[in-house]
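One-letter residues, chain by chain:
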Amino acid sequence: MSDTNLSRVFLTLAVLVLGVAAGAQPVLTPYQPAGWSDSVVVTTNPNSTTDTTGLTTTNALYVDWAVINSGNADATTAFNVDLYTNSVYMNTWPVNGLPVGNYTYVTAIPLGFFPAGTNTIELVADSTSVYGAPNTYTKTFIVKAPVLPGLSAPTLLGPANGSVNQSTSPTFTWTSVSNAASYQIFVATNAADLPANTTAIAGGPSMVISASVTNATFTQLNPLNPGTTYYWEVNARLFGEGGPWSGTWSYTSGNPPAGLTILPVFDTTITSDPQAGAIEATIRAAAAFYQYHFSDPLTVSITFQEMSTGLGMSSWSYNSYSYGTYLQALTAAATTPDDTTALAHLPVQSSNPVNANGSINLQTALSWDLGLSAGTSGENVGTISLNTSLMNLSGAQNNPTNYSLFSTVCHEIDEVLATGSALDGVYSGQNLATDPIFSEDLFRYDSSGNRSYNTNLTTTAYFSLDGVTDLAQFNQVGSGDFGDWYSYYGGETPQVQDAFAQPLDSPNPTVELRVLDVLGYHLEISVPPPNFVSATRTGNTINLVWEAVSGRAYQVQETANLTSSVWSNLSGSVIANGSTASYSDTVVSGQERFYRVELVSNPLPALVPATRFIRANVVTQPTGWKTNYFRPFPL
């Protein structure tokens, strides 16, 4: 063959190849790989690619799927694979590309439980039509209702039906049910919002608690609103099936003792929010939490508004005083053992022991509370901004990617009242390390018990009353507040004042209450439950003795039927004058009677003379304003 003929042959081949390429097209379709029972597999075993038969509503299901390129060209552009369950969109998987004859697959996708009857799963290959019309495969499978052991209705035990003055963080109890794997409890402010469906996991708009627990008890950690009537019900569950509901009981939470009062002022960004009711209720509950724990006769207002960045932010004014003036006021305000410990490690001198500056900055609310400045009852002392779009707004919401509104509000209230560090300004270059500190900076210690005050990332500093016992580790990451707790690198137990919040964590202030106490507020010592010490009988007289706190009021109640929802008060309340209290009841022969004791929600007698709270006669204008930021994690 001549060179010329050879060239012609090559030219012809080139034309033929180009002709094939021009008509080539990927074809993306559901596919059954070898060893699979179908292109879409529904199974109870996440490690299996074979359909499970005899499915029931008690089975947690998984799905496997595969899609092949059965065309004559590679799929070089990304395409999507969509999955629907019972015609409801579930998920999308992007596929970056797929060569001819190759397939892509995903296994062990958790689907959860399915209702009894005919169910479908739809697999849509190339759902956005990158390479032509989508190819859909529909899998139909039958789920049957199982034959399960019968479940009876629980009997509610407490809080007692119709009871009043109950805790804002109550413990709900009920009788155990045979064969129950779990229990579902609902609490709402409107009885009509409690569901009748025995498998319900949500209720109406006034629902504040929707929780699944394995034991016959549930404690609400984040406080609910004071002075509010709540309705609740419980049923037993087994493999997704629910037994009959208990009866519906109600109780009314008590108002907190007179003391620190925070009046929320809601900006229009909150009042116009479609979920304003839930947002405002949680903010009021957080404010009431502080009123319950502090006895300071101080009334302030805080403005609350929404924002679209970060998680939370607080802005507040502060005043500057000499260290000696603050120490003198702090000494006069001491009422708790923590106060005594903290004061023992604050030297009496003209300059503060942290950086030797003679002055110290105090939030307006704190300086007013200590009598160092004057104000009008209800005066606004700060603004708190909240990104509610990232938050679970109540205890009935538990989106795993959202943050706690209650804990975020508590975080910001702490800062408006007293917490925070001057190191934020040092880090940003707004002030020097030798400038006045904030009160919380007095309690920064290193691991050797020496005071620590710097912005070095490698520094480890702790909040401590004495330099020995560390209550929390301070944050040293500059993108967070230096007055907050360490949390950037994770691994710690969540706390309200963490610099970086984690989704779904919902801690209550614990160490934060002690911090506010030693900075100048007056913490009410918690009161233990009135546990019975003894119950003796002398003739027809029953003598009851229980643990008590002197000055507290207790109410003895009785019933003739332990499963009854009706408990009757016996005489008036009993005021304890020591570590125990007692009551004697006379019964008739042959009478069966059950007793319980409730702590009446009334405040302790004044812990300090009222003159200690007399306000100054002159108004001290704020010397500055400060803003702290609360960020979600990760950044």
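Here the structure is a predicted model, which is why all the values come from computation and not from measurement. (Residues numbered from 1 in each chain as written. Predicted model: local features only at pLDDT ≥ 70, side-chain atom pairs only at ≥ 80, totals over all residues. Heavy atoms only, no water.)

A. Fine view of the overall build of the chain. Across its full length, the chain holds 9 helices and 37 strands. By the compact-globule yardstick of 26 Å for 635 residues, the chain is too spread out, its C-alpha radius of gyration being 33 Å. Considering only C-alpha atoms, the chain reaches an extent of 115 × 80 × 45 Å along its principal axes. Counting only residues that meet the buried cut, the chain has 48% of its 635 residues in that class. Accessible surface, the chain as shown: approximately 28,000 Å² in total, 53% of it carbon and sulfur. (Helix = DSSP H or I, 4+ residues; strand = E, 2+ residues; numbered from the N terminus. Rg over C-alpha atoms; globule rule 2.2 N^0.38 Å. Buried < 20%, exposed > 50% of the residue type's maximum accessible area, 1.4 Å probe, protein only. Areas by Shrake-Rupley, 256 points an atom, 1.4 Å probe, with all protein chains shown as cover.)

B. Here's a closer look at the sheet that holds strand 26 (residues 444-445). With antiparallel pairing, 3 strands are arranged side by side in an open sheet as 26-27-28. Either end of the sheet is taken by a strand with one partner, and the two such strands are strand 26 and strand 28 (470-473). Inspection of the sheet shows strand 27 (residues 462-464) paired to strand 28 by 3 bridges, in the antiparallel sense. Its bridge partner being in strand 28, F463 is matched across the sheet by A472. (Pairing = 2+ DSSP bridges.)

C. Structural view of the pattern of salt bridges. Under the criterion given, the structure shown has 7 salt bridges. A salt bridge links D338 to R514, with the shortest nitrogen-to-oxygen separation between them at 2.7 Å. Taken together, the residues D338 in helix 5 (residues 337-344) and R514 in helix 9 (residues 511-519) connect sequence positions 176 residues apart. A salt bridge links D585 to R593; the nearest nitrogen and oxygen atoms lie 2.6 Å apart. Each of D38, D51 and K139 takes part in a single network of salt bridges with overlapping partners. (Salt bridge = Lys/Arg side-chain N within 4 Å of Asp/Glu carboxyl O.)

D. Spotlight on the packing of aromatic side chains. Under the criterion given, the structure shown has 29 aromatic pairs. Summarising the aromatic geometry, the rings of W36 and Y105 are spaced 6.1 Å apart at their centres and angled 85° between planes, so their arrangement reads as edge-to-face. Taken together, the residues W36 in the loop between strand 1 (28-30) and strand 2 (40-43) and Y105 in strand 6 (residues 103-112) connect sequence positions 69 residues apart. Given a relative accessible area of 48%, Y105 falls into the partly exposed group. On the basis of an interplanar angle of 40° and a centroid distance of 5.4 Å, the ring pair of F443 and F463 is categorised as tilted. In this pair, F443 is assigned in the loop between strand 25 (437-438) and strand 26 and F463 in strand 27, connecting sequence segments 20 residues apart. Take F443: its relative accessible area is 1%, and that puts it in the buried class. Here a set of aromatic residues connected by ring pairs shows up, and it is made of F172, F218, Y230, W232, W249 and Y251. The ring of F474 has R444 sitting right over it, with the charged end atom 4.1 Å from the ring centre. (Phe/Tyr/Trp six-rings, centres within 6.5 Å; stacked < 30°, edge-to-face > 60°. Lys NZ or Arg CZ within 6 Å of the ring centre and 35° of its normal.)

E. The environment of S206, seen in detail. Along the polypeptide, S206 turns up in the loop between strand 12 (182-188) and strand 13 (207-213). The exposure class of S206 is buried, given its relative accessible area of 14%. Measuring from C-alpha to C-alpha, the distance between S206 and A396 comes to 9.4 Å, with 190 residues separating the pair along the chain. With residues up to four places along the chain from it excluded, the contact list for S206 reads V187, A188, T189, N190 and D193. (Contact = heavy atoms within 4.5 Å.)

F. Focus on the packing of helix 3 (residues 276-293) against helix 7 (residues 405-417). For the pair helix 3 and helix 7, interaxial distance at closest approach is 9 Å and the crossing angle is 50°. As summarised for this structure, helix 3 and helix 7 are arranged oblique, according to the angle between their axes. The two elements helix 3 and helix 7 cross, and the hand of that crossing is right-handed. Touching I279, T282, I283, A285, A286, A287, F289 and Y290 of helix 3 are L405, F406, V409, C410, I413, D414 and L417, all from helix 7. Class assignment for the residues of the contact of helix 3 with helix 7 results in 13 nonpolar, 1 polar and 1 charged. (Axes fitted to C-alpha atoms, helices over the stretch in contact; angles between N-to-C directions. Parallel < 35°, antiparallel > 145°, perpendicular 65-115°, else oblique. Left-handed = near helix turned anticlockwise from the far one by under 90°. Nonpolar A, V, L, I, M, F, W, Y, C, P; charged D, E, K, R; others polar.)

G. Quick peek at the environment of G101. With respect to the helices and strands, G101 occurs in the loop between strand 5 (88-95) and strand 6. Between the C-alpha atom of G101 and that of Y62, which follows or precedes it by 39 residues, the distance is 26 Å. Residues within four places of G101 in sequence aside, it is in contact with I68 and N69.

H. Highlighting the side chain of N387. Note on placement: N387 falls in the loop between strand 22 (379-386) and strand 23 (391-392). Overall, the relative accessible area of 4% leaves N387 in the buried class. At 3.0 Å, the side chain of N387 forms a polar contact with the backbone oxygen of G310. Among the polar contacts made by the side chain of N387, one reaches the side chain of S389 at a distance of 2.6 Å. When neighbours within four sequence positions are excluded, N387 is seen to be in contact with M307, S308, T309, G310 and L311. (Polar contact = N/O pair within 3.5 Å; in protein donor to acceptor, adjacent residues only side chain to side chain.)

I. Structural detail: the sheet that holds strand 4 (residues 79-85). Strand order in the open sheet formed by 4 strands is 5-4-7-8, and the pairing between neighbours is antiparallel. Looking at which strands have only one partner, the edges of the open sheet turn out to be strand 5 and strand 8 (135-143). Each strand of the sheet is rotated relative to its neighbour by a mean of 15°, with strand direction disregarded. As judged from the 7 bridges shared by strand 4 and strand 5, these two strands associate in the antiparallel manner. Each bridged residue has a counterpart across the sheet, and for F79 the counterpart in strand 5 is V95.

J. Molecular detail of helix 3. Helix length check: helix 3 (18 residues) gives 26 Å between terminal C-alpha atoms against 26 Å at 1.5 Å per residue, within 8%. Among the 18 residues in helix 3, 13 count as buried, and that is most of the element. (Expected span 1.5 Å × (residues − 1).)

K. View of the packing of helix 5 against helix 9. Direction vectors running N to C along helix 5 and helix 9 enclose 60°, while the axes themselves pass 9 Å from each other. One finds that helix 5 runs oblique with respect to helix 9. Crossing of helix 5 against helix 9: the hand is right-handed. Along the contact surface, helix 5 presents D338, D339 and A342, while helix 9 presents R514, D517 and V518. Counted by class, the contact of helix 5 with helix 9 contains 2 nonpolar, no polar and 4 charged residues.

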